[in-house]
2 protein chains.
Amino acid sequence: MIAAPFPVSDPGGSPLPIAPGGQRVRSDLVAAMDVGGTSIKAGLVAADGTVVREARRPTGAEGGVPAVIDRILGFAADLVAGEQVKAIGIGVPGIVDSAAGIARYAANLGWRDVPIVQLLTERVGLPVVLGHDVRLGALAEARVGAGVGAASMYFIAIGTGIAGGQVTGGAVDNGATGQAGEVGHLVVRPGGRLCNCGNHGCLETVSSASRIGQSYSLLRGTDASSTSAREVAELMQAGDPIAIQVWDDAIAALADALAAVTVLTDPGRIVLGGGLSLAGELLTDPLAEALASRMTFRSPPPIAVTQLGDRAGLAGAAILAWDHLRHQPSTLGESMSAVAAGEGGTADD
Amino acid sequence: MIAAPFPVSDPGGSPLPIAPGGQRVRSDLVAAMDVGGTSIKAGLVAADGTVVREARRPTGAEGGVPAVIDRILGFAADLVAGEQVKAIGIGVPGIVDSAAGIARYAANLGWRDVPIVQLLTERVGLPVVLGHDVRLGALAEARVGAGVGAASMYFIAIGTGIAGGQVTGGAVDNGATGQAGEVGHLVVRPGGRLCNCGNHGCLETVSSASRIGQSYSLLRGTDASSTSAREVAELMQAGDPIAIQVWDDAIAALADALAAVTVLTDPGRIVLGGGLSLAGELLTDPLAEALASRMTFRSPPPIAVTQLGDRAGLAGAAILAWDHLRHQPSTLGESMSAVAAGEGGTADD
């Protein structure tokens, strides 16, 4: 299957070379993997972003940690077999130490300190680079998606949980300990609902897709998991007052969080991803209005929705791998390290 | 006067050259200027950070905008006269468009859209680079002050107002519109006191040095400007219950704001500057405790106080000018632009 391309190369990237006679020349590729709680997405991506192969397999998290790791390694080996793959980029959720190549913690995979880069390198004999799934999604949206043309961009993925990523000048901020972008745990309702993290009033407790559904069900007095966020959106459109209240609360909390992001980091654009972004204008129109109403001394950044959808993380993993091969920074701080290591000249030279 | 040096060069910077016979060779210099509401600080700084001249003159903001600009231009001309100055770095408060070289808005100077870079260049015939005073302070603390050794750093200057700056890999984030770091206008007490910005409950309304003094005075029933933050700190140490309450409120609001910064950007270190940082452990000890109590799923970044004090902005202006001469990025995003412009190679080359 030839999937729709991500244009993952920068504008100077060349198309796949065509030999005299029109035959496609085999090109160097990277393998990209995006490990989620339910499925592992993978693809082979050329330098110009052409996706020459794309597939999904179930994660099988219920089978335990070793089985999931085996599945990832096997999937990677199948992907690269017989292809001119030069590197692997992989994204995982949770707390990720990209520099050490270790997935520190992922609740939905049951992972703690999994040396995934070492394991993959041993299995496939290729350079492997590791990133955080949502921050890779942010990287991809900024480079080739809804953030193109913005000097900087804040990506917020609203699904079962909420996480974000700040991209400036095409490089994503991982933070000093790989924990940047925990916007889902920004406290927006002090003393509010208990969050999984142990704190009260985190954004996730009001505005995640799962909590929107739960809140509606609880206010209706039905089973907590009986309504989805999509159904709440539909009920809201039909004029259901409880759905309107739940949706308004979710928008207000998102606006509070994005107002905090805006005054702190001044992104040139905000991009919404994750399942809730499928609500489109039902989400973006009231959110833009609520954000604007919170800005007293400046205008708000424009709000857009994801262009890459649920392939954002996969596209980001491909970009990460290509950046690695090109010695191009994917994350903030890398370029200055290069300067500090002596690659930059001084005026005194 | 030979002032104490800022070691503004990077570790590879060479000391001032000594000619055979031990005579000091005249060295290339940059001029640094930091324009504040009450004084203009200026200095001449060598490549190794040696400050070969340093001076202050009153801003004279009460004399009107043209007079202040004249004073800045005259100060710059005096500074560079007869010296081997290669560039000028200047920091101003407010909203700064560094790329365009325009000071967009500065309340305490009465400035709107002042093309300060063009004016200075015309007067002194040298390259001029413009930055925001607090973000330049952040840059300096990260490179040569209390942030040295941290992968990233958040600097917060707490004085009459409150502003901040995030530095990652030695480059400061100006934001997409030059308005990053407005942590003073982060809403930490929704529905709270009216802020100058028109919003309610901004951090500045609780924790700025000026508001700490005012809050105490108001609770005591005296004139709003009769007590300083320093006096509140002293009264608190003496056991004054109102002073304890005001100080605790200020610490709690600062901790709320720094918790937001931490979950969003994950700085490797937090550095406190501005007048309130003179309180030292009276500020840092309870603040570190309050920040830690707000962290449920991660440890807090360590908190330090400024090493450069009220010279941080001046040191940052010197770094900005030296970076300009060395084609080294001072702000996030610059390096990726260079890569996008073709300076980086690709794996296909």
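Everything here concerns the structure above.
Quick notes on the rules
- Residues numbered from 1 in each chain as written.
- Chains lettered and ligands numbered in written order.
- Predicted model: local features only at pLDDT ≥ 70, side-chain atom pairs only at ≥ 80, totals over all residues.
- Heavy atoms only, no water.
- Least-squares fit on C-alpha atoms with pLDDT ≥ 70 in both.
- Helix = DSSP H or I, 4+ residues; strand = E, 2+ residues; numbered from the N terminus.
- Buried < 20%, exposed > 50% of the residue type's maximum accessible area, 1.4 Å probe, protein only.
- Contact = heavy atoms within 4.5 Å.
- Buried area = accessible area lost by both parts, 1.4 Å probe.
- Salt bridge = Lys/Arg side-chain N within 4 Å of Asp/Glu carboxyl O.
- Polar contact = N/O pair within 3.5 Å; in protein donor to acceptor, adjacent residues only side chain to side chain.
- Nonpolar A, V, L, I, M, F, W, Y, C, P; charged D, E, K, R; others polar.
- Core = buried A, V, L, I, M, F, W, Y, C linked by side-chain atoms within 4.5 Å.
- Axes fitted to C-alpha atoms, helices over the stretch in contact; angles between N-to-C directions.
- Parallel < 35°, antiparallel > 145°, perpendicular 65-115°, else oblique.
- Left-handed = near helix turned anticlockwise from the far one by under 90°.

S.K.: What should I look at first to understand the relation of the copies chain B and chain A in this one?
M.R.: Here two copies of a chain appear, and what relates them is a rotation about an axis with a shift along it. Laying chain B over chain A is done by rotating through 180 degrees and shifting 0.0 Å along the axis; what remains is an RMSD of 0.0 Å. The relationship between the two copies is best expressed as a two-fold rotation axis.

S.K.: What am I meant to see in unusual backbone geometry here?
M.R.: With glycine set apart, most residues show a phi of negative sign, and most peptide bonds adopt trans. Phi is positive for aspartate 113 of chain A, close to 50 degrees, though the residue is something other than glycine. Within the secondary structure layout, aspartate 113 of chain A lies in strand β7 (residues 111-114).

S.K.: When you look at the environment of glycine 64 of chain B in this model, what are you seeing that I'm missing?
M.R.: Residues and elements named next belong to chain B. Structurally, the position occupied by glycine 64 is in the loop between β3 (51-58) and α1 (65-80). Judged by its relative accessible area of 24%, glycine 64 falls in the partly exposed class. It is 7.7 Å that separates the C-alpha atoms of glycine 64 and glycine 110, two residues lying 46 residues apart in sequence.

S.K.: When you look at the interface of chain B and chain A in this model, what are you seeing that I'm missing?
M.R.: Often, the extent of an interface is quoted as the loss of accessible area upon association of its parts. Contacts between the two partners involve 53 residues from chain B, matched on the other side by 52 residues from chain A. When chain B packs against chain A, the two sides together hide about 4000 Å² of surface, and 61% of this comes from carbon and sulfur. Where chain B meets chain A, there are zero salt bridges. Run the count over chain B and chain A and you get 16 residue pairs in polar contact (both at pLDDT 80 or more). Of all the secondary-structure elements, those providing two or more residues to the side of chain B that touches chain A are β9 (152-158), β10 (162-168), α7 (241-265), α9 (312-326) and α10 (334-343) of chain B. In terms of residue count, α7 of chain B provides more of the side of chain B that touches chain A than any other element does, five residues in total. Partitioned by chemical class, the residues of the side of chain B that touches chain A number 22 nonpolar, 23 polar and eight charged.

S.K.: Any chance you could explain the nonpolar core here in plain terms?
M.R.: Formed by 80 residues in total, the largest nonpolar core has its most connected members in Ile156 of chain A together with Ile156 of chain B. With residues up to four places along the chain from it excluded, the contact list for isoleucine 156 of chain A reads Ile162, Ala163, Gly164, Val183, Leu203, Leu254, Leu258, Val271, Leu272 and Gly273 of chain A.

S.K.: Honestly, the packing of helix α7 (residues 241-265) of chain A against helix α8 (residues 281-294) of chain A in this entry has me stumped. Any pointers?
M.R.: To describe two helices that pack against each other, one gives the angle between their axes and the distance between the axes. All names here are of chain A. One way to put it is that α7 packs onto α8 with a least axis distance of 8 Å and a crossing angle of 50 degrees. Between α7 and α8, the interaxial angle falls into the category oblique. The two elements α7 and α8 cross, and the hand of that crossing is right-handed. Touching Trp247, Ile251, Ala252, Leu254, Ala255, Asp256, Leu258, Ala259 and Thr262 of α7 are Leu282, Leu283, Pro286, Leu287, Ala290, Leu291 and Arg294, all from α8. Tallied by class, residues from the contact of α7 with α8 come to 13 nonpolar, one polar and two charged.

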